[in-house]
Amino acid sequence: WIFTFLSIYFCIQIFGFLKSMFKRPISIENNKLYLRYGIMTESTIDIKNIELIELSSKDIETNKETRKLSFLGELESHNVIIRLKEEDTLIGLYGIRKSFKVLAFHVDNKIEFQDRINNTLQQL
């Protein structure tokens, strides 16, 4: 009975996480970039703080300055790398905060994402 209950509870947790991925998308509002990975990690980056947006899937070594938005780390690929002028904070599950200067993550339409960021930067 215990394993059955834990299996059902685990399925409910996975379902909730997957649902949160669609309800909390990446967005650009009021000159801020809101990066969200469901309920697991999030960050709010001021557009003026972005130095470079690189479209790349090459492997990166994560360290104190380089992070991945995904809590799965190397298990999940990325196609966008954002380099910042100044450090920012990545807020994880249970409020765990990690600083970063380079952030790698995956977006569905990377070219459109890069164009929107660049257009917003030019308007500032």
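Residues numbered from 1 in each chain as written. Predicted model: local features only at pLDDT ≥ 70, side-chain atom pairs only at ≥ 80, totals over all residues. Heavy atoms only, no water.

### Points about helix α2 (residues 110-123)
Here comes step 1: Helix length check: α2 (14 residues) gives 20 Å between terminal C-alpha atoms against 20 Å at 1.5 Å per residue, within 8%.
Here comes step 2: Buried within α2 are the following residues: Phe113, Gln114, Ile117 and Thr120. End-on, the buried residues of α2 take up no more than an arc of 130°, which puts them together on one face. Seen from the buried face of α2, the exposed residues on the opposite side, beyond 90 degrees, are Ile111, Gln122 and Gln123.
Here comes step 3: Looking at the buried side of α2, the elements it contacts are β1 (27-29), β2 (32-37), β4 (50-55), β6 (80-91) and β7 (97-105). (Helix = DSSP H or I, 4+ residues; strand = E, 2+ residues; numbered from the N terminus. Expected span 1.5 Å × (residues − 1). Buried < 20%, exposed > 50% of the residue type's maximum accessible area, 1.4 Å probe, protein only. Arc of directions from axis to C-beta. Contact = heavy atoms within 4.5 Å.)

### Here's the deal with the nonpolar core
Here comes step 1: Among the nonpolar cores identified, the biggest contains 21 residues, and Leu33, Ile50, Ile82, Phe105, Phe113 and Ile117 are the most heavily contacted of them.
Here comes step 2: Where this core is concerned, the elements lending two or more residues are β2, β4, β6, β7 and α2.
Here comes step 3: Excluding residues that lie within four positions of it along the chain, Phe113 makes contacts with Ile26, Leu33, Val80, Ile82, Phe105 and Val107. (Core = buried A, V, L, I, M, F, W, Y, C linked by side-chain atoms within 4.5 Å.)

### Notes on the pattern of salt bridges
Side chains that carry opposite charge are capable of pairing whenever their charged atoms lie near each other.
Here comes step 1: Taken as a whole and assessed by the stated rule, the structure comprises 2 salt bridges.
Here comes step 2: Glu54 is the salt-bridge partner of Lys58, the closest N and O atoms lying 3.5 Å from each other.
Here comes step 3: Here Arg83 ties to Glu54 by a salt bridge, and the two come within 3.0 Å at their closest N and O atoms. With Arg83 in strand β6 and Glu54 in strand β4, this pair connects stretches of sequence that are 29 residues apart. (Salt bridge = Lys/Arg side-chain N within 4 Å of Asp/Glu carboxyl O.)

### A word on the pairing of β6
Here comes step 1: As judged from the 5 bridges shared by β4 and β6, these two strands associate in the antiparallel manner. The residue bridging Ile53 from the neighbouring strand is Ile82, located in β6.
Here comes step 2: Bridge analysis of β6 against β7 gives 8 bridges, and the strand direction is antiparallel. Within β7, the residue paired with Asp88 across the bridge is Phe100.
Here comes step 3: Connecting β6 to the next strand, β7, in antiparallel fashion are 5 residues, including Tyr94 with a positive phi near 65°. (Pairing = 2+ DSSP bridges.)

### Some words on the side chain of Asn79
Here comes step 1: Examined against the element boundaries, Asn79 turns out to sit in the loop between β5 (66-68) and β6.
Here comes step 2: Only 2.8 Å separates the side chain of Asn79 from the backbone oxygen of Val107, close enough to count as a polar contact.
Here comes step 3: Excluding its chain neighbours within four sequence positions, the residues that come into contact with Asn79 are Glu54, Leu55, Ser56, Ser57, Phe105, His106, Val107 and Lys110. (Polar contact = N/O pair within 3.5 Å; in protein donor to acceptor, adjacent residues only side chain to side chain.)

### Thoughts on the environment of Lys98
Here comes step 1: Following the sequence through the fold, Lys98 ends up in strand β7.
Here comes step 2: The class for Lys98 is partly exposed, based on a relative accessible area of 41%.
Here comes step 3: Between the C-alpha atom of Lys98 and that of Arg67, which follows or precedes it by 31 residues, the distance is 8.5 Å.
Here comes step 4: The contact partners of Lys98, leaving out residues within four places of it in the chain, are Arg67, Asp88, Thr89 and Leu90.

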